[in-house]
Amino acid sequence: MKINLKVWRQKNSNTEGKLVEYHLDNVSEDMSFLEMFDVLNDSLTRKGEDPVTFDHDCREGICGTCSMYINGRPHGPQTGATTCQLHMRSFNDGDTIVVEPWRARAFPVIKDLMVDRSAFDRIIQSGGYVSVNTGSARDANEILIPRTIADEAMDAAACIGCGACVAACKNASAMLFVSAKVSQLAILPQGQAEHKERAERMVAQMDAEGFGACSFTGACSVECPKSISLDHIARMNREYLGAKLTSDNA
Amino acid sequence: MKLESKIPEGPLAEKWARQKFSLKLVNPANKRKYDIIVVGTGLAGASAAASLAELGYNVKAFCFQDSPRRAHSIAAQGGINAAKNYQNDGDSVFRLFYDTIKGGDYRAREGNVYRLAEVSVNIIDQCVAQGVPFAREYGGLLANRSFGGSQVSRTFYARGQTGQQLLLGAYSALSRQVSTGKVKLYPRTEMLDLVVEGGKARGIITRNLVTGKIESHSGHAVLLCTGGYGNVFYLSTNAMGSNATAAWRAHKKGAVFGNPCFTQIHPTCIPVSGHYQSKLTLMSESLRNDGRVWAPKSKEDAQKIQKGQLRANDLSEDARDYFLERRYPSFGNLVPRDVASRNAKYVCDEGRGVSKTGLAVYLDFADAIKRDGKKTIEAKYGNLFEMYEKITGENPYETPMMIYPAVHYTMGGLWVDYNLMTSIPGLYALGEANFSDHGANRLGASALMQGLADGYFVIPYTVGDYLANIGPADKIPVDAPAFKEAEKKVHEQIDRLLAIKGERPVDDLHKELGHIMWEYCGMARTAEGLQIAREKIKALKKEFWSNVKVLGDSQEMNQALEQASRVADFIELGALMVEDALNRNESCGGHFREEYQTPDGEALRDDANYAYVAAWEYQGDDQPELLNKEMLEFENVKLTQRSYK
Amino acid sequence: MAWVIQTLSSSLGRKVIMSLTGLFLSSFLIVHMAGNLQLFKGDNGRAFNEYTYFMTHNPLIITISYLLYTSILVHALMAWVLTRHNQASRPVKYAYSKPEANSAWSSRNMGILGTILLLFIIIHMRTFWFEMHFGAVPMAEYDGKQYKDLYVVVKEAFSQWWYVLLYVICMIAMGYHLSHGFQSGFQTLGIRHKKYTPLIEFIGTYFFAIIVPAIFAAMPIYVFLQVHHII
C-alpha cells in the first residue's frame, strides 16, 4: 500500500507546530498503525531528519499510553480499540491520513504527538482510592459482592486512562474518565466509607485541571477503547449532588 | 564474593515468622528521617512505595512511563495464585510452595518460595480491600479457576485483565500516598546509574525524559522494581519501553546477577507477520484447554499454505499432524509452556510451519465448536478471539488460529538474599527484577503474586532492619563526589551516543541482537550455537558503538536516545545470558540445552553439578564475568524428573 | 452558604442549573401549548382571549411567570458561561475532526440551537407579550365583560407568510434542541436507569422533539390559512 501522512510536528511545548506531509510506499496491511510509524521513523532517521515522537508502550491495548487523533477520531476509525490495535488493513491504498495529538488545555503537547496527561494522575490522587493500609485488610470472602455488582464495577474499572474521552469530547471534558473511577468505588462496598468526599474532591480536581463540562454528546463512550458506559457519568452526577447536599463540608 | 542467602533457621513453615521477629524495627518517630528510592511503579514498585510511605518513610518513586499506572504489570491477563483453598479442593500453602518449586525445576530456594506461598493469601485480602473487582460467584464469594495445568483452582482473576486491576489497586494506594505528601512521584524519569559509596547504595542518577536534565537523588536505600529483560530478544510480549538499564547499571556497580539465561517462552502468541514487527501479543494459555495444536504432515502442504495456495481447512484429517497429542498422549495439548513451545519450534524447523513466514502452527477450535457449540466457546474465549481477529484480520471461529512461541518472562535477575537485598548493601530488587522465586521456570499466575508479595509484605519488614542498623545519619548529600562522578559518567555516555553519528537506527541494531538471541539462546540452545552467539554479540557491540545513529540532542525529549542507551545495556546483558547458558551444562525449565535431554527429548537436569544459582559478578568492561555459586539445598521436597508422556 | 456557591460554580453544578431550568421550561411548554390549543377552536378567538385573561390575572400564574422569565435568562446566561469555559478547554482546535462519527449533530450544537430559540423568544414576546402588556390591544366583550382581544394581534402577525415561516423554522430548532436537551437534563441529575431511561428517551424524542414543536408550528400555519380563507 501507498500511504500519505499528514503528521503534527511540534518541537516542544513552547513552539508552534504544523502538519507535515510524508509519503510511505510498501506499507503492509498487516502492520499495526504504530509499526507504520516505526517504518516512517526508520526512514526519517536514515535521511537525517528528526523522527516523530509519539507515546506508546505495551502495544496490546491495555497500558493506555498510545494516543493519536487519526483522521478526525481518537485512536482512528475502529471502535473499541486503541491506536496500537489499529492495523493498516483499515485503510485503503493511496489514503491520506491526518495524525494529530490529543487536544485539550489540560493535556499540553510535549513534543509532536506526545502530550502530558498527568492531570489524570492528579485527579486519582485527589480521591480515586480506598484508604486501606497494607496489612489491615480482613479476609477477602468476608465482603460479599454479588456477581452483577462485581461485573458492573469491573466495567468501570476497565478504563485504561488513555484520554480518548477527552480527545473526542467537543468540550475536552474528562467526565468519562473521572466517573469511571468514582462509579467503580461507589458501587463496591469497599468504597462506601469515603464515597461522598471522593466525589466532591475528584470533581473539584477535574475542574481545577481545566477540563470542560459534559454536554452528554456520548462521543467519549463511542470512542473509548474499553467502551465505558455513560451510566457511570450519571452515577457520578448522582454521587456528587448527593454528596454536596448531605456531606459535612459546609 | 561470598553469597549469603540469609535464610533463617528452623522448620520451613516457621522461617518467615522467625525472621520477622528477629528483624530490627525502626522507631515510628524515626521513620520520617529515612528516605527510600523506589525505581519502577509496576506491581512490586507501586506496592512497595505505597506500603513504605504508609509506614512513615519518605519515598521517591520513579518511572519512565508518563504515569505509574502504565507499568507493564498492567498487561498480565490470566490471574494471580493464592493458597486460599476457598474451593475446598485440597490446596494449601505447602501445595502452592511445592508446585512452585517443582514447576521451577528445582532451581529456586525453598525458604523464599514457602514465604511467597504463605503471604499469597494476604495479597488477595489486601487487593479486595482496595476495591479490585475480582470475579465473583452469584452469591458474592470470590471465584477461582484452575490455571496452567494446576490440579487445584487457586487462581483469582478479573476478566482477562487481572494485571491491570491489581496494578490499578497498587497505583491507587500509591496515589493516596502522593496526596499525603509521603511519596514524591517522578514520571517520565529514567534511572541511568546507581551511586555506591562506602560499600553501600546511596542513591541514583536519573534523566528527566522531557527536559533531558540529569539529576541526582540521595536516599538511605534504593529499591529496584524495574521488571524483566525479555526485550533483549527485541520481539517479546514485553512493552516497548521495558528495559534492563536500571538493573544492568546496578550490576556494573557491583550487584551480582542471578541465572540470566532463565527465560520463559510462552507458546500461545500471535505469530510474527513481517520484518516490521515490533512486538508480540500473548493470548491466554487457557486456549489450549479446548484448542488442538497441529501442523501439516507434509512439507509440501506447508509450503503451499505459506504461499497462500492452500488453506488450513482444505487439509483432510489424515494430512494433519496433531504433534502434541501424538508425542504426549496423556497430557496432549496441555503440556507445560516450555514443552509446547519447543515442539512448535521443531515442527517449524522441519519446514512444516504455516503462515507467510513459516513460523506458526495451528490452534484449531473446530472440534471444540462441534462438541460444545459456538456459544460455549464464545463465552469462554470470546474476547481472545476478538483480539486475535483485530490483529490478524482472520476469524478464528472459521479458520484455525495461528500461534507461535514468544519470550514472555525472565526468571533470572539481580541476585537477592532472603531479605531481597542484592549483593550491594542498601540496594534491593523486587518482582521480576530479582532472580526471583521461580527457579528455572515460572508457573502461570505466579508473577503477579511475587510482585505484590515482595512489595506489600516482604520489603516493609526487611528494609526496616537495614535502616535501623545504619541509622538516619548514614546518607550522603547529592553534591558528594560519588554523585558528581556518577553524573559525569552518565553525561559522558549520552554525549558518546550522540557523537557516533553512524548509519544504523537503534531499532535496526536491536533487531539484530534479537535475532541472535532468539536463534542461539532461545527455546533450544547448544554449546556450539552459544559460541557463535558470543562472537556475534561481540561484533554487534562493536558495530553499535561505532555505527549507531542517534539524532537530536540530549536536552530535549529524545526517544531514540533513550532507546540507544537501553539497547547498549541489552547487548551486554545478552552476552552474559549466553555465558550463563553455556556454563549451565544441563537442561532445566526454560533453559533447554539440546545436548542434555532424555531419550524422549525431555529436559535432563544435572542436580549433582548444577543445583545452584549462578550469580555473575561484573569485572569491568569487556572482561569475563566471575561466576559465584549459591548452592541450593532441598530439605522438604524430593527432586524428581518431569514427565508428560 | 459557601458550599452552595461552590457547588453551583463547579462544572457539574452549572450543568445542574442548565438541567433544572431546562426541564422547567420544557414543562412550561406543555402548559403553553395546551392553552394555545384554544386557537384551533374556531370561535373567532373567544376561548383564546379568555385564556389569556386568565393567564395575566391569576396571582399563582403571575408568580410562576416571573420564575419562567428568570429561568430563560439563567438558562441562556449559564449556557454562555459554559460555552466559554468549554471552548477554553481546547485552545488549539483539531485541524481535521470528524465528530459525526461519534455523536449526534443536535447534541454538539445546543448553543447554536439555543441562540436561535433565544432570538425567537425575544421576537415572540415582542409580538405578543409586549403588546398584551404595554401595547394598544383592541377590546372584545363576552357576556358583558371586557377582554383584551389578543386574537386580533395573532391574526395580524400570522397573516404574513415570512412570519409564519420564521415560526416554523424556530420550532424545528426547538425540536432539535429538545431531542437532546430533555434527555440530557435527566442525565445531569443522575436519573438514569435501565427501566426508566428508555421512557425518558421516548418522551424526549417523540413528544418533546416531534409532537410539541409540530403542534406549535401548526398554530401559525392554521391562522395563516384561516386569515387568507384557504380553509
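Residues numbered from 1 in each chain as written. Chains lettered and ligands numbered in written order. Predicted model: local features only at pLDDT ≥ 70, side-chain atom pairs only at ≥ 80, totals over all residues. Heavy atoms only, no water.

For the rest of this paragraph, the subject is the overall build of chain C. Helix and strand counts for chain C stand at 9 helices and 2 strands. Listing the helices and strands of chain C from first to last along the sequence gives α-α-α-α-α-α-β-β-α-α-α. Across its three principal axes, chain C shows a C-alpha extent of roughly 60 × 45 × 40 Å. A total of about 12600 Å² of accessible surface is found on chain C, and carbon and sulfur atoms cover 71% of it. For chain C, the centre of its 16 positive side-chain charges and the centre of its 9 negative side-chain charges are spaced 21 Å apart. (Helix = DSSP H or I, 4+ residues; strand = E, 2+ residues; numbered from the N terminus. Areas by Shrake-Rupley, 256 points an atom, 1.4 Å probe, with all protein chains shown as cover. Lys, Arg positive; Asp, Glu negative; His and termini not counted. Charge placed at Lys NZ, Arg CZ, Asp CG, Glu CD.)

Our focus in this paragraph is helix 3 (residues 147–157) of chain A. Along helix 3 of chain A, the residues that are buried comprise A:Ala150, A:Ala153, A:Met154, A:Ala156 and A:Ala157. Projected down its long axis, helix 3 of chain A shows its buried positions confined to an angular sector of 160 degrees, all on one face. Check the buried side of helix 3 of chain A and you find it contacts helix 5 (175–187) and helix 8 (231–246) of chain A together with helix 5 (162–180) of chain B. (Buried < 20%, exposed > 50% of the residue type's maximum accessible area, 1.4 Å probe, protein only. Arc of directions from axis to C-beta. Contact = heavy atoms within 4.5 Å.)

Going through the model one piece at a time under the given rule, you end up with 49 aromatic pairs over all chains. Ring centres 5.7 Å apart and planes at 45 degrees place the aromatic pair A:Phe33 and A:Phe37 in the tilted group. With A:Phe33 and A:Phe37 both in helix 1 (residues 33–47), this residue pair falls 4 residues apart, about one helical turn. Grouping residues by exposure puts A:Phe33 and A:Phe37 together as buried. Among the aromatic residues, ring-to-ring pairing joins C:Phe120, C:Phe128, C:Phe158, C:Trp162, C:Tyr163 and C:Tyr167 into one connected group. If you follow B:Arg292 out to its NZ or CZ, it ends over the ring of B:Tyr322, 3.7 Å from the centre. The ring centre of B:Phe592 lies 3.7 Å from the NZ or CZ of B:Arg342, which sits over that ring. (Phe/Tyr/Trp six-rings, centres within 6.5 Å; stacked < 30°, edge-to-face > 60°. Lys NZ or Arg CZ within 6 Å of the ring centre and 35° of its normal.)

Take the pattern of salt bridges next. Going through the model one piece at a time under the given rule, you end up with 74 salt bridges over all chains. Two residues, A:Asp155 and B:Arg159, come together in a salt bridge whose shortest N-O distance is 3.0 Å. Residue A:Asp155 is located in helix 3, and its partner B:Arg159 is located in the loop between strand 4 (155–156) and helix 5; the two belong to separate chains. Through salt bridges with shared partners, a single network forms among A:Asp42, A:Arg46, B:Arg504, B:Asp508, B:Glu512 and B:Glu543. (Salt bridge = Lys/Arg side-chain N within 4 Å of Asp/Glu carboxyl O.)

A separate point is the packing of helix 1 (residues 2–9) of chain C against helix 2 (residues 11–36) of chain C. Residues and elements named next belong to chain C. Relative to each other, helix 1 and helix 2 sit at 80 degrees, their axes nearing to 4 Å. Judged by the angle between their axes, helix 1 and helix 2 are roughly perpendicular. Across the interface between the two elements, Thr 7, Leu 8 and Ser 9 from helix 1 touch Ser 11, Gly 13, Arg 14 and Ile 17 from helix 2. Here the residues of the contact of helix 1 with helix 2 sort into 2 nonpolar, 4 polar and 1 charged. (Axes fitted to C-alpha atoms, helices over the stretch in contact; angles between N-to-C directions. Parallel < 35°, antiparallel > 145°, perpendicular 65-115°, else oblique. Nonpolar A, V, L, I, M, F, W, Y, C, P; charged D, E, K, R; others polar.)

Another aspect to go through is the nonpolar core. With 292 residues, the main nonpolar core has A:Phe211, B:Ile80, B:Phe134, B:Leu223, B:Tyr428, B:Leu467 and B:Phe544 as its most contacted residues. Setting aside chain neighbours within four positions, we find B:Leu223 in contact with B:Ile36, B:Ile37, B:Val38, B:Val39, B:Ala48, B:Leu52, B:Tyr428, B:Leu430, B:Ile459 and B:Val463. Counting residues in each nonpolar core, the second largest holds 27 residues, with A:Tyr22, A:Leu86, A:Phe91 and B:Tyr276 among its members. (Core = buried A, V, L, I, M, F, W, Y, C linked by side-chain atoms within 4.5 Å.)

Residues and elements named next belong to chain A. Packing of helix 5 against helix 8 leaves a shortest axis separation of 8 Å and a crossing angle of 70 degrees. The angle between helix 5 and helix 8 falls in the class roughly perpendicular. Handedness of the helix 5/helix 8 crossing: left-handed. Of helix 8, the residues touching helix 5 (which contributes Met 175, Leu 176, Val 178, Ser 179, Ala 180, Val 182, Ser 183, Ala 186 and Ile 187) are His 232, Ile 233, Arg 235, Met 236, Asn 237 and Glu 239. Along the lines of polarity and charge, the residues of the contact of helix 5 with helix 8 split into 9 nonpolar, 4 polar and 2 charged. (Left-handed = near helix turned anticlockwise from the far one by under 90°.)

What follows deals with the interface of chain B and chain A. Contact with chain B, which involves 73 residues of that partner, is made by 78 residues of chain A. For the pairing of chain B and chain A, the buried interface totals around 6200 Å² over both sides, and the portion due to carbon and sulfur atoms is 50%. Interface area lost by chain B to chain A is led by B:Arg70, B:Tyr276 and B:Lys390, which between them contribute 12%. Inspection of the region where chain B meets chain A yields 9 salt bridges. For the salt bridge of A:Arg117 with B:Asp66, the shortest nitrogen-to-oxygen distance reads 3.3 Å. Taken together, the links from chain B to chain A amount to 52 residue pairs in polar contact (both at pLDDT 80 or more). If you list the elements that add at least two residues to the side of chain B that touches chain A, you get helix 2 (43–55), helix 4 (110–130), helix 5, helix 11 (374–392) and helix 12 (447–470) of chain B. (Buried area = accessible area lost by both parts, 1.4 Å probe. Polar contact = N/O pair within 3.5 Å; in protein donor to acceptor, adjacent residues only side chain to side chain.)

So, about a negative patch on the surface. Residue and element names in this part refer to chain B. Taken together, the side chains of Glu 378, Glu 386, Glu 389 and Glu 398 define an acidic patch exposed on the protein surface. For Glu 389, the location among the structural elements is in helix 11. Given a relative accessible area of 36%, Glu 389 falls into the partly exposed group. (Patch = residues over 30% accessible without salt bridge, like charges linked within 9 Å, V, L, I, M, F, W, Y side chains within 5 Å.)

What the 5 strands build is an open sheet, ordered 11-15-14-12-13 (chain B); its pairing is antiparallel. Of all strands in the sheet, those bounded by a partner on one side alone are strand 11 (263–269) and strand 13 (320–321) of chain B. (Pairing = 2+ DSSP bridges.)

With that settled, the discussion passes to the sheet that holds strand 10 (residues 257–258) of chain B. Residue and element names in this part refer to chain B. Strand order in this open sheet of 4 strands is 16-10-18-19, and the pairing throughout is antiparallel. Looking at which strands have only one partner, the edges of the open sheet turn out to be strand 16 (413–414) and strand 19 (626–631). Set on the sheet, helix 16 (residues 559–583) makes contact with strand 10, strand 18 (612–617) and strand 19; between it and strand 18 the angle comes to about 140 degrees.

With a phi angle near 45 degrees, A:Asn71 is a residue other than glycine that sits in the positive phi range. Along the polypeptide, A:Asn71 turns up in the loop between strand 3 (69–70) and strand 4 (73–74). Residue B:Tyr106 is not a glycine yet carries a positive backbone phi of 60 degrees. The residue B:Tyr106 is located in the loop between helix 3 (93–103) and helix 4 in this model. Exposure remark for B:Tyr106: the relative accessible area of 1% places this residue in the buried category.

This next bit is on the environment of B:Ile305. Residue and element names in this part refer to chain B. If you trace the backbone, Ile 305 turns up in helix 7 (residues 299–306). What makes Ile 305 buried here is its relative accessible area of 9%. Each C-alpha atom of the pair Ile 305 and Gly 353 lies 8.9 Å from the other, and the pair is 48 residues apart in sequence. Setting aside its immediate chain neighbours within four residues, Ile 305 contacts Pro 296, Leu 310, Leu 315, Val 354, Ser 355 and Tyr 362.

Any empty space left between atoms is shown by rolling a water-sized probe over those atoms. In total, this model carries 17 cavities of 30 Å³ or more according to the counting rule given. Its boundaries defined by the atoms lining it, the second largest cavity holds a volume of some 630 Å³. In this structure, the second largest cavity is lined by 35 residues; those nearest its centre are A:Phe54, A:His56, B:Gln559, B:Ala560 and B:Gln563. For the lining of the second largest cavity, the secondary-structure elements that each account for two or more residues are helix 1 of chain A together with helix 14 (506–520) and helix 16 of chain B. In terms of residues, the lining of the second largest cavity owes the most to one element, helix 16 of chain B, which gives 5 residues. For the lining of the second largest cavity, a count of residues per class yields 11 nonpolar, 10 polar and 14 charged. (1 Å grid on protein atoms, 1.4 Å probe; cavity = no way out; pocket = protein on both sides within 12 Å on 5 of 7 lines; lining within 4 Å. Points joined across faces, edges and corners; volume = space filled by probe spheres on them.)

Our next topic: the environment of B:Ile37. With respect to the helices, strands and loops of the structure, B:Ile37 is situated in strand 1 (residues 35–39). Once you skip the residues sitting within four places of it in the chain, B:Ile37 turns out to touch B:Lys60, B:Phe62, B:Gly203, B:Ile204, B:His217, B:Ser218, B:Gly219, B:Ala221, B:Val222 and B:Leu223.

Now for the UniProt feature "transmembrane region" (unreviewed entry) in chain C. All names here are of chain C. The residues that UniProt annotates with the feature "transmembrane region" (unreviewed entry) are residues 20–40, 60–83, 110–129, 160–178 and 199–225. Each end of residues 110–129 is marked by a C-alpha atom, and these two atoms are 26 Å apart; helix forms 100% of the span and strand 0%. Along residues 160–178 the backbone is 95% helical and 0% strand, and the end-to-end C-alpha distance reaches 27 Å. (UniProt positions renumbered as here; feature names shortened; annotations may be inferred.)

So, about the interface of chain C and chain A. Facing 36 residues of chain C, the contacting portion of chain A comprises 48 residues. It is C:Leu12, C:Tyr94 and C:Asn102 in chain C that bury the most area against chain A; as a group they hold 19% of the surface buried on that side. Joining chain C to chain A, the criterion identifies 1 salt bridge. A salt bridge links C:Arg192 to A:Asp231; the nearest nitrogen and oxygen atoms lie 2.4 Å apart. For the pair chain C and chain A, the number of links is 27 residue pairs in polar contact (both at pLDDT 80 or more). Here the residues of the side of chain C that touches chain A sort into 12 nonpolar, 18 polar and 6 charged.

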